[in-house]
Amino acid sequence: MQVTREGEVLSPLQVDIRAKGHPVREEIGRMVGSYQLVVTVEEDLSTIDTLSHIPGLVAFIATIRRGSPDGVIISQGRGSVVINRLNRMIERAVSACFNASVSDAVKTMKSLNGLLDPRFAEVPLGAERGPEGATDRQKRYLRELIQTHIADQRERDRLCMEMEVFTKQEASAAIQSFVS
């Protein structure tokens, strides 16, 4: 059911997105699928050392990698808690700290979905993306084109993330798509 206020005009993109051929369908199709992720949680000793003046500090760092324990790191999250007389329930406090680190890593990962793009899933981990990656000059120019031609900040961020793994040929094709 579509509810509109008097005088409000809906954008063509706001109509039923379930309709076949709607631009949102393509984006949804690109995102759905299975992702092979590995989450590693460790005690965050560097934070504990840095904040050694705080007694009772517990800290975790959660690392999310693509594919395997040796895969590309796509996100990290941190959680910490101070054990003191106010939170004597040690199990609950440490569990909350652990959960905070994993939650933080997942929240960070949401903004990096270009690294999870299924188009890159068939590339074996550790393998090169192509014969040669895009040059720094290509990446700089492509960033300028994205900033100039794409109004939506989220879309610009997504495209800039995707561009980081382009081959020279892919970068060239992307540049041509903006220039022509």
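Residues numbered from 1 in each chain as written. Predicted model: local features only at pLDDT ≥ 70, side-chain atom pairs only at ≥ 80, totals over all residues. Heavy atoms only, no water.

Peer 1: I'd love a proper account of the pairing of strand 2 (residues 57-66), names of residues and values included.
Peer 2: Strand 2 sits mainly inside the fold: eight of its ten residues count as buried. Pairing of strand 1 (residues 37-43) with strand 2, which is carried by seven bridges, proceeds in the antiparallel orientation. Bridge assignment links glutamate 43 to a residue of strand 2, and that residue is phenylalanine 60. Pairing between strand 2 and strand 3 (residues 73-82): nine bridges, direction antiparallel. (Buried < 20%, exposed > 50% of the residue type's maximum accessible area, 1.4 Å probe, protein only. Helix = DSSP H or I, 4+ residues; strand = E, 2+ residues; numbered from the N terminus. Pairing = 2+ DSSP bridges.)

Peer 1: How would you sum up the sheet that holds strand 3? Please name residues and give values.
Peer 2: What the three strands build is an open sheet, ordered 1-2-3; its pairing is antiparallel. Because the sheet does not close on itself, it has two edges, and the strands there are strand 1 and strand 3. Sheet twist, expressed as the average angle between the axes of neighbouring strands with direction ignored, equals 15°. (Axes fitted to C-alpha atoms, helices over the stretch in contact; angles between N-to-C directions.)

Peer 1: Which residues make up the side chain of serine 101, and what values do they have?
Peer 2: For serine 101, the position within the fold is in helix 3 (residues 90-110). At a separation of 2.7 Å, a polar atom in the side chain of serine 101 contacts the main-chain carbonyl oxygen of phenylalanine 98. Beyond its immediate sequence surroundings of up to four residues, serine 101 is in contact with Val41, Phe60, Ile61, Ala62, Gly77, Arg78 and Gly79. (Polar contact = N/O pair within 3.5 Å; in protein donor to acceptor, adjacent residues only side chain to side chain. Contact = heavy atoms within 4.5 Å.)

In short, shape yes, function no, at least from these values alone.
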